[in-house]
Amino acid sequence: MSIITPLDELFYDLLSDYEYKFEKKIDVSLQALPSKFEYIIPVYRRIEIENSIIYLLILPLFQRLVNIKQLAHTYTYLLGATHSRFEHSLGVAHLMKKVLKVLKKKLKSKGIEISRLGETIAVLSALLHDLGHSGWGHALDGIVGQVIDRGLEVIGRTLFAKIEKLDIAITVYLLHENYQLRYAICNIVRKFNENFDINEVIDQIAAIIEEEWYPRYTHIRNNPSILRFVRLIMLVLGAPHGIDGGLNIDRVDWLQRDLHHTEALSLISESNEIKCKELERCLEILRRITNNEDMLEKYIDILFNDDIIVRWKTSNKDIEVDINKCLNQIRSILYSTVYEGLERSFIDSTLIRLAYSAIEILYRVGNKIASPPIVARVLLSYLLQPDDKLRDYTQKILSLMAWISPDLYNIREPLKSFIERSVRLLPILDNLSMIVHKLKCNHLSTNNPFVLNIEIPGIEGYIALRALYCSFLKDVLKNVKDKKDKDVLKNMEIEHFYHSLIYNSRINVIDSLRIPDIEYLFNKELEKERSYSRYVRYVYFLPNYYAFRRLDEGFLKEKPITLEDLKNVFDNVKVPLMFILMQSSPKLQENDIKKLSDKAVNFLRTNIENLLQEYCNLY
């Protein structure tokens, strides 16, 4: 007789939650809806959503975005940063409608028309581009590979090729598999065109959101007119891979919105008043452009060739500012002051660890009691939870696992110990504000990589933290080169290094770096050493996926072909690569922290060198 555990019950609770909220058909006639919804939102003030699109807004699947913060836990130190993905999505849809009016006027003079169905697909793409966002912002992009491997691949792995962001993977899944969403889109499109293929419409929306210049969908690639339209809307909405230019109204919206809610300009006003005034001028012009169709028309440039290339004008006697330059300046400020701080890096690294453990548990539970499609829906249900509920479910899943034998779900070492240590990190979720402000006070950097003596309620003893930067990878390269007595990173071998250590870590940072194995072996080694075993409880390795994302972007931009080229890519990434968290009792002295963390760094380096060597030997 099989035993039903509390984890089994929680698994089915998540399944019921998905089926009841997000899968059921919402059947409301368009005639029953108001003629329009009016919203007052920052940046654009009053916006209107017409009757047909309202159908999408009332879906529980879309309404969940109200409770998902655009900037995740940034509000713990920038209190205004509580704006939602819902607000941002409405803003992008509003901008799309404005741009479409300008485009239709400009294209009509060339004998080109955008159909009413095309307009609808464009606005739906803008409204749905963030639909798949999980709670905790982009932190969980670092486990998109794990999510696809454990669940979403049941509908076909090729559907997720080249997808590097979790929200896009989930959006693509929902577009193709979620009945609530597909039924709503079908009803909306039917109002304008009775003769349509819902699968073709869905594929066009998915292709636009995925931003691949050469879409995976055969019927789009093989139809020149549809491909031309899809590429045009890609250039309006986002930044297609490998293509320069475009409007990227997604970025235009979140730059203005995040700047407004974080008051990021105030962070630089004291240190650089001239730069602050210049940015304020750029922001004011940007707001005028996005709120005035005549200004918008003046700034949009269109090139006609095989594709219709739409972009911001860079020079004209009638324009006041280079929009691309303006956007890049604002983006630079937000990245340096908000997105890439030490605090954000540590929070994201911890959240990845906890979510990875929770997903692994749900996957193992599902393997025992359910079919693969059901497992996929449960993982999706977990990831679709808003910030607070995602935290609650994570705590429940890990806490229940602490009371149930992992052997029941075939969880063996080293994953078993990895999950057990993840349980011990749960109090960090309840003390994020305290930890963030402690980190801000200590100013970690390459030259000052330690935070000492943090006491966290719920965690026994003290914890000390060391941040590891990209100079660590330069040491790895040097050691591999010295062992082979030659410059190994040339031609194909540099590609092997890129795929094994940079790209794979960007999409699945814990599995790619074999963190459970490394952490298990290192803690076992410490248990044997008397000098540490008396007072060191655990050592945790917390990789920062975002550093690997920046390395990936730098690699693709710089295209390094020598060891020195690659080192330059490393030097340009300033965020921490890894955190080493040491839990001890009693309080560690600075010298002990240095010795212990140095030992951990050396152990990590050896294991990554071995990983790199294994990968190179495969080719």
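Going by the structure above, here's the rest.
Quantities reported herein were computed from a predicted structural model and do not represent experimental measurements.

(A) How the structure looks around the overall build of the chain. Scanning the chain for helices and strands turns up 30 helices and eight strands. By the compact-globule yardstick of 25 Å for 619 residues, the chain fits well, its C-alpha radius of gyration being 25 Å. Projecting the C-alpha coordinates of the chain onto the three principal axes gives extents of approximately 80 × 65 × 50 Å. Taking all 619 residues of the chain together, the buried fraction comes to 59%. Positive and negative side-chain charges of the chain, numbering 82 and 82 respectively, have mean locations separated by a distance of 1 Å.

(B) The packing of helix α1 (residues 6-23) against helix α18 (residues 372-383), seen in detail. In contact at an axis separation of 8 Å, α1 and α18 are set at 80° when each is read in the N-to-C sense. Classified by the angle their axes make, α1 and α18 are roughly perpendicular. In this structure, α1 contributes Phe 11, Leu 14, Leu 15, Asp 17, Tyr 18, Glu 19 and Glu 23 to the contact, and α18 contributes Ile 374, Val 375, Arg 377, Val 378, Leu 380, Ser 381 and Tyr 382.

(C) Quick peek at the packing of aromatic side chains. A complete count under the given rule lists 16 aromatic pairs for this structure. Ring geometry for Tyr 179 versus Tyr 183: centroids 5.8 Å apart, planes at 35°, classification tilted. Linking Tyr 179 with Tyr 183, this pair stays in helix α8 (residues 179-190), spanning four residues, or about one helical turn. Taken together, the aromatic side chains of Phe 37, Tyr 39, Phe 62 and Phe 86 make up a single cluster linked through ring pairs. Between the NZ or CZ atom of Lys 69 and the centre of the ring of Tyr 75, over which it lies, the distance is 4.9 Å. Residue placement shows Lys 396 over the ring face of Tyr 393; its charged tip is 5.6 Å from the ring centre.

(D) Layout of empty space enclosed by the protein. In this structure the tally under the stated criterion is one cavity of 30 Å³ or more. Its volume calculated, the largest cavity comes out at about 40 Å³. Contributing to the lining of the largest cavity are Met 401, Ala 402, Pro 406, Ile 411, Lys 416, Ile 419 and Glu 420. The set of elements that each furnish at least two residues to the lining of the largest cavity consists of α19 (387-403) and α20 (415-424). With three residues, α20 is the single largest residue contributor to the lining of the largest cavity. Looking at side-chain class alone, the lining of the largest cavity contains five nonpolar, no polar and two charged residues.

(E) Broad picture of unusual backbone geometry. A cis amide bond links Glu 413 to the next residue, Pro 414, at an omega of 5°. Checked against the element boundaries, Pro 414 lands in the loop between α19 and α20.

(F) View of the environment of Pro 372. Here Pro 372 shows up in helix α18. According to the relative accessible area criterion, Pro 372 is exposed, its value standing at 52%.

(G) Representation of the nonpolar core within the structure. Within the largest apolar cluster, 234 residues are counted, with the highest numbers of intra-cluster contacts made by Ile 185 and Tyr 382. Counting residues per element, this core draws most heavily on helix α17 (residues 342-369), at 13 residues. Not counting residues within four places of it along the chain, the set of residues in contact with Tyr 382 comprises Leu 14, Ala 355, Ala 358, Ile 359, Leu 362, Leu 390, Tyr 393, Thr 394 and Ile 397.

(H) Up close: the layout of surface pockets. By volume, the second largest pocket amounts to about 500 Å³. Ser 336, Glu 340, Gly 341, Leu 342 and Glu 343 are, among the 20 residues lining the second largest pocket, the residues nearest its centre. Breaking the lining of the second largest pocket down by element, the ones donating at least two residues are α16 (323-339), α17 and α22 (432-442). Looking at the lining of the second largest pocket residue by residue, the classes come out as 10 nonpolar, five polar and five charged.

(I) Here's a closer look at the pairing of strand β2 (residues 45-50). Pairing analysis gives six bridges linking strand β1 (residues 36-41) to β2, with the strands arranged antiparallel. Following the sheet pairing, Phe 37 is matched in β2 by Ile 49. Hairpin connection of β1 to β2: three residues between the antiparallel strands, including Val 43 at a positive phi of 85°.

(J) A look at the environment of Ile 330. Position of Ile 330 relative to the elements: it lies in helix α16. Classification of Ile 330 by relative accessible area gives buried; the value is 1%. Separated by 66 residues in the primary sequence, Ile 330 and Ala 264 place their C-alpha atoms 9.4 Å from one another. Setting aside residues no more than four positions away along its own chain, Ile 330 makes contact with Leu 255, Leu 259, Leu 279, Leu 283 and Leu 286.

(K) Here's a closer look at the packing of helix α5 (residues 116-128) against helix α9 (residues 198-210). Look at α5 against α9: their axes get within 9 Å of each other, and the N-to-C directions meet at 55°. If you check the angle between α5 and α9, you find them oblique. Our pair here, α5 against α9, has a crossing hand that is right-handed. Residues Ile 121, Leu 124, Ser 125 and Leu 128 of α5 pack against Val 201, Gln 204, Ile 205, Ile 208 and Ile 209 of α9.

(L) Region of the structure containing α16. What α16 keeps buried is the set Ile 323, Cys 326, Leu 327, Gln 329, Ile 330, Ile 333, Leu 334, Tyr 335, Val 338 and Tyr 339. Measuring from the backbone nitrogen of Asn 324 back to the side-chain oxygen at the start of α16 gives 3.1 Å, which picks out Asp 322 as the cap.

(M) Inspection of the environment of Ala 355 at higher detail. By the element assignment, Ala 355 lies in helix α17. Since its relative accessible area comes to 0%, Ala 355 is described here as buried. Residues in contact with Ala 355, not counting those within four places in the same chain, are Trp 136, Leu 140, Ile 143 and Tyr 382.

(N) Inspection of the pairing of strand β3 (residues 300-304) at higher detail. In the sheet, β3 pairs with strand β4 (residues 308-312) via five bridges, with the strands oriented antiparallel. Residue Ile 302 lies in a different strand from β4, and its bridge partner there is Val 310. Between β3 and the antiparallel strand that follows it, β4, lie three residues.

(O) Examining the pattern of salt bridges more closely. This structure, assessed with the given rule, holds 39 salt bridges. With a shortest N-O distance of 2.7 Å, Lys 474 and Asp 571 are connected by a salt bridge. Of this pair, Lys 474 sits in helix α23 (residues 471-484) while Asp 571 sits in helix α29 (residues 563-571); the two residues are 97 residues apart in sequence, bridging distant segments of the chain. The exposure class of Lys 474 is partly exposed, given its relative accessible area of 22%.

The rules behind each value
Residues numbered from 1 in each chain as written. Predicted model: local features only at pLDDT ≥ 70, side-chain atom pairs only at ≥ 80, totals over all residues. Heavy atoms only, no water. Helix = DSSP H or I, 4+ residues; strand = E, 2+ residues; numbered from the N terminus. Rg over C-alpha atoms; globule rule 2.2 N^0.38 Å. Buried < 20%, exposed > 50% of the residue type's maximum accessible area, 1.4 Å probe, protein only. Lys, Arg positive; Asp, Glu negative; His and termini not counted. Charge placed at Lys NZ, Arg CZ, Asp CG, Glu CD. Axes fitted to C-alpha atoms, helices over the stretch in contact; angles between N-to-C directions. Parallel < 35°, antiparallel > 145°, perpendicular 65-115°, else oblique. Contact = heavy atoms within 4.5 Å. Phe/Tyr/Trp six-rings, centres within 6.5 Å; stacked < 30°, edge-to-face > 60°. Lys NZ or Arg CZ within 6 Å of the ring centre and 35° of its normal. 1 Å grid on protein atoms, 1.4 Å probe; cavity = no way out; pocket = protein on both sides within 12 Å on 5 of 7 lines; lining within 4 Å. Points joined across faces, edges and corners; volume = space filled by probe spheres on them. Nonpolar A, V, L, I, M, F, W, Y, C, P; charged D, E, K, R; others polar. Core = buried A, V, L, I, M, F, W, Y, C linked by side-chain atoms within 4.5 Å. Pairing = 2+ DSSP bridges. Left-handed = near helix turned anticlockwise from the far one by under 90°. Polar contact = N/O pair within 3.5 Å; in protein donor to acceptor, adjacent residues only side chain to side chain. Salt bridge = Lys/Arg side-chain N within 4 Å of Asp/Glu carboxyl O.

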